[in-house]
Amino acid sequence: MRDQLPLRLVLASASPARRKILQAAGIEPDVLVSGVDESLVVTDRADELCLELARLKAQAVLTRLRPATDQRTLVIGCDSVLEFDGEVLGKPADSADAGRRWRRMRGRSGVLHSGHCLIDVTAARRAEAVASTVVHFADISDEEIDTYVATGEPLAVAGAFTIDGLGGPFVQRIEGDPSTVIGLSLPLLRKLFADLGLRITDLWTKVAPGGQSVEPLG
């Protein structure tokens, strides 16, 4: 029976942070980078932009998959953008851009949107949604901004900040799900699985101390 097949989740992202979120939640995904050109989608709506990019990433990986008959394969595509002062902010163009952004953002707040597109390859079905979280930035100094930008971390992430890395001390608080800000909302992923008639717990794995081995739970 199709519903009794073991689940396989393919993450359509090169983001190590998204993979770590899943691993910390007991899910070991396969990773296949989409290679989507994010500049292809142009819109002033942050929620529309991140969801369309999530769709494109999932679809790009889907076309390269050869699902096994003894597994039920799912693909999750994600994309994140920061909405700040009515602007849609993805990754900074360069260090100068990152520094300018932080000088605007410090002491203020923005909304981090993460689009999610989950495709059930085996059943030919799809579920998608956007998770949004308000981020309040600390009022940090010019020196802190320059030091942070010099690490290179802000150049690699939407909105030029992280909460799970070097940027964590510069975020005062958030209103919403922390995993959304990192790039993949676990509560939303659970809902998308439910929308497809699946349980996210069926993806749980048991990892031995030190990561020596992985075995299915149950």
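Every value quoted in this text rests on a predicted model; they were computed, and no experiment measured them. (Residues numbered from 1 in each chain as written. Predicted model: local features only at pLDDT ≥ 70, side-chain atom pairs only at ≥ 80, totals over all residues. Heavy atoms only, no water.)

## Side note on the overall build of the protein chain
Each helix and strand counted, the protein chain has six helices and nine strands in total. Its C-alpha atoms give the protein chain a radius of gyration of 18 Å, within 12% of the compact-globule value 17 Å for 218 residues. By principal-axis analysis of the C-alpha atoms, the protein chain measures approximately 60 × 40 × 25 Å. Accessible surface for the protein chain amounts to roughly 10900 Å². Of this, 50% is attributable to carbon and sulfur atoms. (Helix = DSSP H or I, 4+ residues; strand = E, 2+ residues; numbered from the N terminus. Rg over C-alpha atoms; globule rule 2.2 N^0.38 Å. Areas by Shrake-Rupley, 256 points an atom, 1.4 Å probe, with all protein chains shown as cover.)

## Notes on the side chain of Arg-72
On the secondary structure map, Arg-72 appears in strand S3 (residues 72-84). For Arg-72, the side chain forms a polar contact with the side chain of Asp-120, separated by 2.6 Å. (Polar contact = N/O pair within 3.5 Å; in protein donor to acceptor, adjacent residues only side chain to side chain.)

## Side note on the nonpolar core
Of all hydrophobic cores here, the largest spans 21 residues; its most connected members are Leu-9, Leu-74, Leu-118 and Phe-193. If you list the elements that add at least two residues to this core, you get strand S1 (7-11), helix H1 (16-24), S3, strand S6 (125-137) and helix H6 (186-195). Sort the elements by how many residues they give to this core and H6 lands first, with four residues. Formed by 19 residues, the second largest nonpolar core is a distinct cluster that contains Ala-98, Met-105, Ala-138 and Val-149. (Core = buried A, V, L, I, M, F, W, Y, C linked by side-chain atoms within 4.5 Å. Buried < 20%, exposed > 50% of the residue type's maximum accessible area, 1.4 Å probe, protein only.)

## Description of the pattern of salt bridges
For the structure on display, the rule yields 19 salt bridges. Close ionic contact of Arg-103 with Asp-142 constitutes a salt bridge, the shortest N to O distance being 3.6 Å. With a gap of 39 residues between them, Arg-103 in helix H3 (residues 95-105) and Asp-142 in helix H4 (residues 142-150) connect regions that are remote in the sequence. On the accessibility criterion, Arg-103 (33% relative accessible area) is partly exposed. (Salt bridge = Lys/Arg side-chain N within 4 Å of Asp/Glu carboxyl O.)

## Points about helix H2 (residues 46-62)
Between its terminal C-alpha atoms H2 stretches 24 Å, which fits the 24 Å expected from 17 residues at 1.5 Å a residue. Restricting attention to buried positions, one finds in H2 the residues Ala-46, Leu-49, Cys-50, Leu-51, Leu-53, Ala-54, Lys-57, Ala-58, Ala-60 and Val-61. Of the surrounding elements, those touching the buried residues of H2 are S1, S3, strand S4 (87-89), strand S5 (109-120) and S6. (Expected span 1.5 Å × (residues − 1). Contact = heavy atoms within 4.5 Å.)

## Focus on H6
When H6 is considered as a whole, its buried residues turn out to be Leu-188, Leu-189, Leu-192 and Phe-193. The arc that holds the buried residues of H6, viewed along the axis, is 145 degrees, so those residues lie on one side. Tucked inside the fold, the buried residues of H6 contact S1, H1, S3, S5 and S6. With a side-chain oxygen positioned 3.2 Å from the backbone nitrogen of Leu-188, the residue opening H6 is Ser-185. Downstream of H6 by a residue or two, Gly-197 has a phi angle that is positive, lying close to 75 degrees. (Arc of directions from axis to C-beta.)

## Quick look at the side chain of Ser-185
Note on placement: Ser-185 falls in the loop between helix H5 (178-182) and H6. Overall, Ser-185 belongs to the buried group, its relative accessible area being 3%. A distance of 3.2 Å separates the side chain of Ser-185 from the backbone nitrogen of Leu-188, its partner in a polar contact. Not counting chain neighbours up to four residues away, the residues in contact with Ser-185 comprise His-116, Ala-131, Asp-177, Ser-179 and Thr-180.

## Focus: the confidence of the model for the protein chain
On average, residues of the protein chain carry a pLDDT of 90, and 93% of them reach 70 or more. Counting contacts from residues 212-218, a segment whose pLDDT is below 50, to residues more than four positions away or on other chains yields twelve contacts. (pLDDT = per-residue confidence, 0-100.)

## Observations concerning the packing of aromatic side chains
One pass over the full model with this rule turns up five aromatic pairs. Here Trp-102 and Phe-137 contribute two aromatic rings whose centre-to-centre distance is 5.4 Å and whose plane-to-plane angle is 75 degrees, an arrangement assigned as edge-to-face. Placement of Trp-102 in helix H3 and of Phe-137 in strand S6 is noted, with a sequence separation of 35 residues between them. Assigned by exposure class, Trp-102 and Phe-137 land together as buried. The interplanar angle of 65 degrees and the centroid separation of 5.4 Å between the aromatic rings of Tyr-148 and Phe-170 together place this pair among those described as edge-to-face. Of this pair, Tyr-148 sits in helix H4 while Phe-170 sits in the loop between H4 and strand S7 (171-175); the two residues are 22 residues apart in sequence, bridging distant segments of the chain. (Phe/Tyr/Trp six-rings, centres within 6.5 Å; stacked < 30°, edge-to-face > 60°.)

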